[in-house]
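# Structural description and commentary
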Amino acid sequence: MTGPATLFSGSPTTNGMPPPLTIIIFGASGDLTHRKLLPALFDQAVDGLLHPETRIVGVARSPKTHGEFREEILTSVQTFSRYSGKLDLFPEFEKRIFYHAMTFEDPNGYNALRTTLLSEDFRNPTKGNVLYYLATPPSYFVPIIRNLGAYGLSAINESETPGEKGFTRIIVEKPFGHDLASAQDLNREVLQVFRENQVFRIDHYLGKETVQNIVVFRLSNPVFGSLWSNVHVKSVHITVHEAVGVEGRGAYFEEAGILRDMVQNHLFQLMTLTAMEPPVAFEAQAIRDEKVKVLRSLRPIRTEDIPRILVRGQYTVGEVAGVPVPGYRNEPKIPPTSDTPTFARIKVEVQNWRWAGVPFYLTAGKRMSRRETSIRIVFKEFPFALFRLAGCPGTVPNELVIRIQPNEGISLRFGIKRPGGQLVIDPVEMDFSYQTAYHDKAPDAYERLLHDAIAGDSTLFARNDEVERSWTFIAPLLGDISRLSPLRFYTAGTDGPEEQDRINDPDTA
Ligand code: BG6
């Protein structure tokens, strides 16, 4: 390649250059917009994966000029972009950023938005394509959706340009509902205004490279794919440990707790991708059908099971990586008697032909000793203990660990004979590391998800029935269950409450 790189000049995806469009972000002052969405769009632009005619409109309450908003975005890009070293490309990017001040209940605001979208400057270059992004607190989702419907913004192209249809899509951030009833309500509201194929329910874990690789790894490697069942697998351990606490989101977390914040969505996504049957085709409908079947196969939780299958924990004052941190009950906006769990381990059973008898342990915790998300598959040992009978101290079960983050990679543990005259079997590891194999920093999950929504591919987004099934399954754990599963305290900076090991059945763990 010769000459300096320019913005939008990179190579298009294998699917070709995505279409031009207007992206309207509700919640433009929020953390998500600044930390994730705009840096992701800039990175895509640098990679040549954003159409040069794309327009981005930030919508929020506070009055601000386009220029002021662009300045804020420059700071976000400087801080959070993969390409913070390529700020010379920002002036070209910022020309496509606009700001629109309105409250989310204000009819005039929606009318003005409509005028903007229908103006020549927007409609012609973007072919009338529009993608809304709900990046607001969840209480605004319904008012915004209703207003998009009421002011003709949900099918703006179809009504205004007959015969020359663009697309209108909407991305809904998590949390998608607070429980089954509210998720159903939200689905009903959104599907009154949009069709299912216009709706993209985000779970950013699906945008992570290593999460997408779960399916590719299983289904492209016969060596592993053929062992992927109760014939050879003894137990599956899906773990999301975070070093961070509630990060100034005390009021939200106190309502949500770890079961709603992490388990119902991110951990269930990891579980369904690990457990699902091979889809009939590698496309959205088929893959999502298989994920829903896993959720349908989960053994429902009965009240009497709760003490046996769930451990709930909450962190107390401690130290993470040498830094003193407060206990959960001392965090801002948390009542001193809070019963909200910041840690949970659940044992679930996938009752189908492939997985019957294999426990899946799902663990999520905040303020753990370190950040670590992994899927550990423990394999069965041979039924005949040849080496033990020959006096060997013990054999080593094979273990496959998919490291989702950080230090992304895959390792396989196996036993070998220790060199020397005695018969001793030592555990050793084969290790694959993304960092060693691919030196580039992987795109952020939001880059991939925005790209797919723009391209109209909903494979990596949750479908309405998937969301409702996951709420149905977890519902028995969301009420007041403090008597059935008392809160266990753990010191911040440790690996959770001691009691978590109690639910590992010694015969099957
Ligand atoms: C979010 C949760 O969905 O995921 C946060 O609301 C959590 O509480 C975050 O910290 C974890 O995401 P990641 O990508 O850092 O693992």
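Residues numbered from 1 in each chain as written. Predicted model: local features only at pLDDT ≥ 70, side-chain atom pairs only at ≥ 80, totals over all residues. Heavy atoms only, no water.

### Brief notes about the overall build of the protein
- A tally of regular secondary structure across the protein gives 17 helices and 17 strands.
- Whereas a compact globule of 509 residues would reach a radius of gyration of roughly 23 Å, the protein reaches 25 Å, a difference of no more than 12%.
- Each principal axis of the C-alpha distribution contributes one length, and for the protein these read about 80 × 60 × 45 Å.
- Going through the 509 residues of the protein one by one, you find that 53% of them count as buried.
- Counting only contacts in the protein whose residues sit at least 6 apart along the sequence, the fraction spanning at least 24 positions is 78%.
- Looking at the protein as shown, the accessible area adds up to about 23,000 Å², and 53% of this sits on carbon and sulfur atoms. (Helix = DSSP H or I, 4+ residues; strand = E, 2+ residues; numbered from the N terminus. Rg over C-alpha atoms; globule rule 2.2 N^0.38 Å. Buried < 20%, exposed > 50% of the residue type's maximum accessible area, 1.4 Å probe, protein only. Contact = heavy atoms within 4.5 Å. Areas by Shrake-Rupley, 256 points an atom, 1.4 Å probe, with all protein chains shown as cover.)

### Notes on the side chain of Ser-470
- Along the chain, Ser-470 falls in helix H17 (residues 464-474).
- Filtering out sequence-adjacent residues up to four positions away, Ser-470 remains in contact with Gln-264, Phe-268 and Leu-295.

### What to know about the pairing of strand E15 (residues 409-417)
- Bridge analysis of strand E14 (residues 399-405) against E15 gives five bridges, and the strand direction is antiparallel. The residue bridging Arg-403 from the neighbouring strand is Gly-409, located in E15.
- Where E14 folds back onto E15 in an antiparallel hairpin, the turn is made up of three residues, including Asn-407, whose phi is positive at roughly 50°.
- Taken together, the nine bridges between E15 and strand E16 (residues 425-433) define a ladder with antiparallel strand orientation. Each bridged residue has a counterpart across the sheet, and for Phe-414 the counterpart in E16 is Val-428. (Pairing = 2+ DSSP bridges.)

### Here's the deal with the domain arrangement of the protein
- As assigned here, the protein comprises domain 1 (20-166) and domain 2 (207-380 + 456-503).
- Relative placement of domain 1 and domain 2: their C-alpha centres are 33 Å apart. (Domains from an automatic or database assignment.)

### Observations concerning the environment of Leu-134
- Examined against the element boundaries, Leu-134 turns out to sit in strand E4 (residues 130-134).
- Take Leu-134: its relative accessible area is 0%, and that puts it in the buried class.
- Separated by 39 residues in the primary sequence, Leu-134 and Glu-173 have C-alpha atoms spaced 6.0 Å apart.
- Discounting residues that sit within four places of it in the chain, Leu-134 has contacts with Phe-26, Phe-141, Ile-144, Ile-145, Ile-170, Ile-171, Val-172 and Glu-173.

### What about the site of the ligand?
- Looking at the ligand, the residues that line it are Lys-174, His-204, Tyr-205, Lys-208, Glu-242, Arg-249, Asp-261, Met-262, His-266, Lys-366, Arg-371 and Gln-405.
- Contact distances for the ligand include 2.5 Å between an oxygen atom and a side-chain N or O atom of Arg-249.
- Here the ligand loses 81% of its free accessible area of 390 Å² to cover by the protein chains.
- By residue number, the principal contributor to the shell around the ligand is helix H11 (residues 250-275), which donates three residues.
- Here the residues of the shell around the ligand are counted per class, giving two nonpolar, three polar and seven charged. (Near = heavy atom within 4 Å. Polar contact = N/O pair within 3.5 Å; in protein donor to acceptor, adjacent residues only side chain to side chain. Nonpolar A, V, L, I, M, F, W, Y, C, P; charged D, E, K, R; others polar.)

### Some details on the pairing of strand E1 (residues 22-26)
- Among the five residues in E1, five count as buried, and that is most of the element.
- Of the two faces of E1, the one lined by Thr-22, Ile-24 and Phe-26 and the one lined by Ile-23 and Ile-25 are each fully buried.
- Two elements, E1 and strand E2 (residues 55-60), share five bridges in a ladder whose sense is parallel. In the strand pairing of E2, Ile-24 is matched with Val-57.
- Running through helix H1 (residues 31-46), the crossover from E1 to the neighbouring parallel element E2 is right-handed.
- In the sheet, E1 pairs with E4 via five bridges, with the strands oriented parallel. Looking across to E4, one finds that Phe-26 is bridged to Leu-134. (Right-handed = clockwise from strand over helix to strand, strands pointing away.)

### Focus on the sheet that holds strand E8 (residues 310-316)
- Strand order across the open sheet formed by nine strands is E16-E15-E14-E13-E7-E12-E11-E8-E17, with mixed pairing between neighbours. At either margin of the open sheet sits one strand with a lone partner, and together these are E16 and strand E17 (487-491). Each neighbouring strand pair of the sheet contributes to a mean axis angle of 20°, computed without reference to strand direction.
- One ladder, built from eight bridges, connects strand E7 (residues 233-241) with strand E13 (residues 372-379); its direction is antiparallel. (Axes fitted to C-alpha atoms, helices over the stretch in contact; angles between N-to-C directions.)

### A word on the sheet that holds strand E6 (residues 199-201)
- Here we have six strands laid out as an open sheet, ordered E3-E2-E1-E4-E5-E6, and parallel in their pairing. What marks the edges here is a single partner per strand, and that holds for strand E3 (97-101) and E6. For this sheet, the mean angle separating the axes of adjacent strands, direction not counted, is 20°.
- Relative to E6, strand E5 (residues 168-172) runs parallel, the two sharing three bridges. Opposite Ile-171, over in E6, you have Phe-200 as the bridge partner.

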